[in-house]
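# Examination of the molecular architecture
The primary structure of each chain is shown beneath.
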Amino acid sequence: MAHGGAELKKAEQASTQAHAARTAKFAADRDQAGSQSPLLLRRACSTLLAGGDMLASASTPAAEEKQELAPVVQCKGVNDLDKVVLREVRGSSAEVYLYGGHVTSWKDEHGDELLFVSNKAIFKPPKAIRGGIPICFPQFSNFGNLEQHGFARNRVWTIDTDPPPFPVPTTNTAYIDLILKPTEEDLKIWPHSFEYRLRVALSPGGDLMLTSRIRNTNADGKPFSFTFAYHTYFKISDISEVRVEGLETLDYLDNLQDRARFTEQGDAIVFESELDRIYLGTPSKIAIIDHEKKRTFVVRKGGLPDAVVWNPWDKKAKAMSDFGDDEYKRMVCVEAAAIEKPVTLKPGEEWTGKLELSAVPSSYYSGQLDPDRVIQDSSVPEDSIS
Ligand SMILES: O=P(O)(O)OC[C@H]1O[C@H](O)[C@H](O)[C@@H](O)[C@@H]1O
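These figures come from a predicted structure and were not determined experimentally. (Residues numbered from 1 in each chain as written. Predicted model: local features only at pLDDT ≥ 70, side-chain atom pairs only at ≥ 80, totals over all residues. Heavy atoms only, no water.)

### Here's the deal with the pattern of salt bridges
Scanning the entire structure with this criterion turns up 16 salt bridges. The partner of R197 in a salt bridge is E195, with the nearest N and O atoms 3.0 Å apart. For the pair R197 and E195, one class covers both residues: buried. Here D251 makes a salt bridge to R261, at a shortest N to O gap of 3.1 Å. With D251 in strand 14 (residues 251-254) and R261 in strand 15 (residues 260-263), this pair connects stretches of sequence that are 10 residues apart. (Salt bridge = Lys/Arg side-chain N within 4 Å of Asp/Glu carboxyl O. Buried < 20%, exposed > 50% of the residue type's maximum accessible area, 1.4 Å probe, protein only. Helix = DSSP H or I, 4+ residues; strand = E, 2+ residues; numbered from the N terminus.)

Take a look at the structure:
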């Protein structure tokens, strides 16, 4: 026992030292980055990617490279599109394409991918990337005259090096701020001036956090209204092994039946055919339980009362050119959204919409969403998530 304890202590010390060394390296990298975003480094993607997926053993140069990776790196992705890679010291990571302000990857500390991206995804404007987290703004679906899901998902965003301070400062080291403003062309189809600031952050524990701040910058004194969704595609083992909890007894609009309104009856949502529903007035916490994988995704949201649940099933899958015929089995979309009541902003006003995603072992999560707790959770002010 004593020996075991000493070993453990040694391992802990080694881990603490390694952590301290990595933290010092990150700080040095940050200082070197100079006038750019304080955390942002530009590196060759090839180097970066070699440190990720292809890593075989800790003795290879690629493995050493992994140890040295900075928390925020800008590099090139598919089709030479710009992307930003976020990495936390414990090994979790995320990738965000400037095209669409689109998160395309979120991996846990073991390097397991948690988001679904289609093998047939087209990383080429103007088609939105199929998978990850498309941003639907200023319109969800066809709730208005714009193209399906609005234009934010197929515009090129820029890195915001000097965002206004957040009410609650982010303590994480791995985050990136992006900004989208309308072009002259955008103003022709949606005549409203806005600034959309998106922060994507990884917590030290590997949670993925997206914060959207949308401000009306109209000079003509006019308010504008929009609908919105974080259209998250979760990667799952098999759609028949998955259930969604937290939406029981709620009303929903069924997109497959002309948006007729129904009340959810079942215990939890399970999938046996195409499903496309907008749940209304949902609690701030929803769980996606993957029985086979023994993993639960927890979705926490703020400022986003609705939740869309979507699986295209086989027929629709075949009809989508950027989606594999069988891929519907390995994905489910649970989308934190504001749809039924559009958000209206007067000039100078700002709206905040937050999404926090965690992946936890199902055993740990089991029973957390019993009806009483859901009611308690929904009474927690939405802006209390940080
Ligand atoms: O194919 P997209 O434009 O990306 O839309 C994909 C899906 O998005 C949402 O989940 C809608 O509720 C669905 O009706 C739609 O089919």
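### Describing the site of the ligand
What surrounds the ligand is the set R130, F140, Q148, H149, R153, H231, N255, D276, V308, W310 and E335. Here an oxygen atom of the ligand and a side-chain polar atom of Q148 are 3.0 Å apart. Contacts to the ligand include E335, whose side-chain N or O atom sits 2.8 Å from an oxygen atom. For the shell around the ligand, the residue count by class is 3 nonpolar, 4 polar and 4 charged. (Near = heavy atom within 4 Å. Polar contact = N/O pair within 3.5 Å; in protein donor to acceptor, adjacent residues only side chain to side chain. Nonpolar A, V, L, I, M, F, W, Y, C, P; charged D, E, K, R; others polar.)

### Remarks on the side chain of S203
The topology assignment puts S203 in the loop between strand 9 (194-202) and strand 10 (208-216). Accessibility expressed as a relative area gives 11% for S203, which makes it buried.

### Points about the confidence of the model for the protein
In the predicted model, the protein carries a mean pLDDT of 83, and the fraction of residues at 70 or more is 76%. Counting contacts from residues 1-38, a segment whose pLDDT is below 50, to residues more than four positions away or on other chains yields 21 contacts. (pLDDT = per-residue confidence, 0-100. Contact = heavy atoms within 4.5 Å.)

### Digging into unusual backbone geometry
A cis amide bond links P125 with the next residue in sequence, P126, at an omega value of 5°. Its place among the elements puts P126 in the loop between strand 5 (102-107) and strand 6 (135-136). For the bond running from F137 to P138, omega is 0°, close enough to zero to count as cis. Take P138: it is sitting in the loop between strand 6 and strand 7 (158-159). Of note, the phi angle at T249 is positive, near 70°, even though the residue is not glycine.

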